[in-house]
Amino acid sequence: MSGIPGYLKKGYITPDELFGIIPKPSEERLRRKPVAVPECPQEIPCAPCREICPVNAIDMPTPNDLPRVNYEECIGCSLCVQICPGLAFFMVQYVGDRARITMPHELLPVPRRGDEVILLNRVGEAVGRGKVTLVIPREKSLGDTAVVTVEVPIELAWEVRAIKVPGDGEND
Ligand code: SF4
Ligand code: SF4
């Protein structure tokens, strides 16, 4: 009777669960330029990501369908990350042995470019430290949410989905 997927029950999705729903971008694509990946597994009537995409790279036949990105069409503009009200869009790029993750950031404070921040996984656990390479402040973001790009070890590319600015006592 319980047809509700485990990720909806527990409130977060693992990379394996995510890539059971949508395709994973190829390593070649991930190395070419940033690519947007929707982590939006719930069929809810919502489509601002599809509407804002300047190259129509987001396939969603109706607002109740799950978004799928045509990774070859995506130009990595981050507008979907900025506008998604569910904070469910991310961009990923592989650069050498690092990955750059672009994510919405609603917590305060907002970091500055060059800051070292605490990397959080989907559960909110600290998994390491990374360096902020780009910040779109809230005032310049389409969705009233700051967007931050952080460089992380490549093995954490599909784990890190939030950051925290270290507070007093959290700086090494
Ligand atoms: S990053 Fe830009 S081009 Fe890529 S899917 Fe999002 S809105 Fe479209
Ligand atoms: S805007 Fe965000 S929550 Fe809405 S369909 Fe797109 S990815 Fe999902």
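Residues numbered from 1 in each chain as written. Chains lettered and ligands numbered in written order. Predicted model: local features only at pLDDT ≥ 70, side-chain atom pairs only at ≥ 80, totals over all residues. Heavy atoms only, no water.

Novice: How do you make sense of the pairing of strand β7 (residues 126-136) when you look at a structure like this?
Specialist: Consecutive side chains of a regular strand alternate in pointing toward one face of the sheet and then the other. In the sheet, strand β6 (residues 116-121) pairs with β7 via five bridges, with the strands oriented antiparallel. Residue pairing in the sheet places Leu120 in a bridge with Ala126 of β7. Between β6 and β7, which pair antiparallel one after the other, the connecting turn spans four residues, and Gly124 there sits at a positive phi close to 95 degrees. Pairing geometry for β7 and strand β8 (residues 146-153), over five bridges, is antiparallel. Directly across from Lys131, in β8, lies its bridge partner Glu151. (Pairing = 2+ DSSP bridges. Helix = DSSP H or I, 4+ residues; strand = E, 2+ residues; numbered from the N terminus.)

Novice: I'm lost on the site of ligand 1 in this one. Help?
Specialist: Around ligand 1 sit Ala36, Cys53, Pro54, Val55, Ile58, Cys74, Ile75, Gly76, Cys77, Ser78, Cys80 and Met91, and that is every residue in its neighbourhood. For the shell around ligand 1, the per-class residue count stands at 10 nonpolar, two polar and no charged. (Near = heavy atom within 4 Å. Nonpolar A, V, L, I, M, F, W, Y, C, P; charged D, E, K, R; others polar.)

Novice: Please explain the site of ligand 2 as it appears in this structure.
Specialist: Close to ligand 2 lie Cys40, Cys46, Pro48, Cys49, Met60, Pro67, Cys84, Pro85 and Phe89. A class-by-class count of the residues in the shell around ligand 2 yields nine nonpolar, no polar and no charged.

Novice: Mind showing me how you'd approach the environment of Cys74 here?
Specialist: Looking at where Cys74 falls in the secondary structure, it is placed in the loop between β3 (68-69) and α5 (79-83). Note on Cys74: relative accessible area 8%, which makes it buried. Between the alpha carbons of Cys74 and Val35 there is a distance of 6.2 Å; along the sequence they are 39 residues apart. Look past the residues within four positions of Cys74 in its chain and what remains in contact with it is Arg29, Lys33, Pro34, Val35, Ala36, Ala57 and Val69. (Buried < 20%, exposed > 50% of the residue type's maximum accessible area, 1.4 Å probe, protein only. Contact = heavy atoms within 4.5 Å.)

Keep in mind that these numbers describe shape and distance, not what the molecule does.
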